[in-house]
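# A structural walkthrough
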Amino acid sequence: MDLHDVAPVLVEGRIRIPYRWPAGRAGGRFLTLLRDEGRLIGLRCSRCRRVFVPPRTRCLSCHVPCEEEVGVGPEGEVLAWTVSRRASPPAVLALVRLDGADTALLHVLHGVEPTAVRNGLRVKAVLAETRRGHITDLDGFRPL
Ligand SMILES: [Zn+2]
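The following paragraphs examine the structure supplied in this document. (Residues numbered from 1 in each chain as written. Predicted model: local features only at pLDDT ≥ 70, side-chain atom pairs only at ≥ 80, totals over all residues. Heavy atoms only, no water.)

## So, the sheet that holds strand E3 (residues 66–72)
Quick note on the threshold: Strands were regarded as paired on the criterion that DSSP finds at least two bridges between them. Secondary structure follows DSSP: runs of H or I at least 4 residues long count as helices, runs of E at least 2 residues long count as strands, and numbering of each begins at the N terminus. Only heavy atoms matter for contacts: two residues are in contact if any of them lie within 4.5 Å across the pair. Helix axes are fitted only over the stretch in contact, all axes being lines through C-alpha atoms; the angle between N-to-C directions runs from 0 to 180 degrees.
Read from one edge of the open sheet, 3 strands run E2-E1-E3, paired in antiparallel fashion. Lying at the two open borders of the sheet, with one neighbouring strand each, are strand E2 (51–52) and E3. Pairing of strand E1 (residues 40–45) with E2 involves 2 bridges; the strand directions are antiparallel. When the sheet's bridge partners are listed, Leu43 is paired in E2 with Phe52. Contacts from helix H1 (residues 24–37) reach E1 and E3 within the one sheet, and its direction differs from that of E1 by about 150°.

## Observations regarding the coordination of the zinc ion
What counts here: Only N, O and S atoms count as donors, using a 2.8 Å cut-off from the metal and 3.2 Å for Na, K and Ca, and because water is excluded some sites may appear unfinished. Four donors are marked tetrahedral only if all angles between them lie between 85 and 135 degrees, whereas four are marked square planar and six octahedral if opposite donors are more than 155 degrees apart and the other angles lie between 65 and 115; the remainder are marked irregular.
Around the zinc ion, the protein contributes the donor atoms Cys45 (SG), Cys48 (SG), Cys59 (SG) and Cys62 (SG), which lie 2.3 to 2.4 Å from the metal centre. For the zinc ion, the 4 donor atoms in the first shell make angles of 106 to 113° at the metal, so the coordination geometry reads as tetrahedral. Of note, the donors binding the zinc ion are all from one chain and are spaced C-x2-C-x10-C-x2-C. Residue Cys45 is found in strand E1, and its partner Cys62 is found in the loop between E2 and E3; the two are separated by 17 residues along the sequence.

## Observations concerning the side chain of Asp137
Where we set the bar: A 1.4 Å probe rolled over the protein chains alone gives each residue an accessible area, and that area as a share of the maximum for its type sets the label: buried under 20%, exposed over 50%, partly exposed in between. Positive: Lys, Arg. Negative: Asp, Glu. His and the chain ends are not part of the count. Here, a salt bridge means any Lys or Arg side-chain nitrogen found within 4 Å of an Asp or Glu carboxyl oxygen. Pairs of N or O atoms within 3.5 Å make up the polar contacts considered here, provided that, within protein, one atom can donate a hydrogen while the other can accept it, and that residues adjacent in sequence are counted only when both atoms are side-chain atoms.
Following the sequence through the fold, Asp137 ends up in the loop between strand E7 (122–127) and strand E8 (138–143). Buried and unpaired, Asp137 has no salt bridge, with Arg132 as the nearest side chain of opposite charge at 5.2 Å. A polar atom in the side chain of Asp137 sits 2.8 Å from the backbone nitrogen of Arg132. Once residues within four sequence positions are removed from consideration, Asp137 is found in contact with Leu34, Arg35, Leu127, Ala128, Thr130, Arg131 and Arg132.

## Some words on the pairing of strand E6 (residues 105–109)
Bridge analysis of strand E5 (residues 91–98) against E6 gives 5 bridges, and the strand direction is antiparallel. Its bridge partner being in E6, Ala94 is matched across the sheet by His107. Counted between consecutive antiparallel strands, the loop separating E5 from E6 contains 6 residues, among which Gly100 sits at a positive phi close to 95°.

And the structure:
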């Protein structure tokens, strides 16, 4: 047998890869305030004044530091949405721009049928009862 003449064989499988990594300064501050105080914050670019949520330490456009912390939400509006049929029951996922922010946060939209979701829908953040310093400390959003 010549190992150089073997046709490729594909083996299918699934690999579960648990991971942990630091959230970074901005992400760490965001998650800590969310966990400990139930507050949502963004960081404002010192040049273009855009407020990033989740917070970023550098502006995506200007590439200058974003250092001014700004309280945002807890209300906001749906900019775009989709339905994930991988969840059971299907979950509505929405990009929500919190009041005071210029960017959107992707999260679950509760309490609304997919046929009733529309862009511009006003929503409010719902905090998880038990918070542990993870994005799921924000349970999602509900229509106002
Ligand atoms: Zn900027």
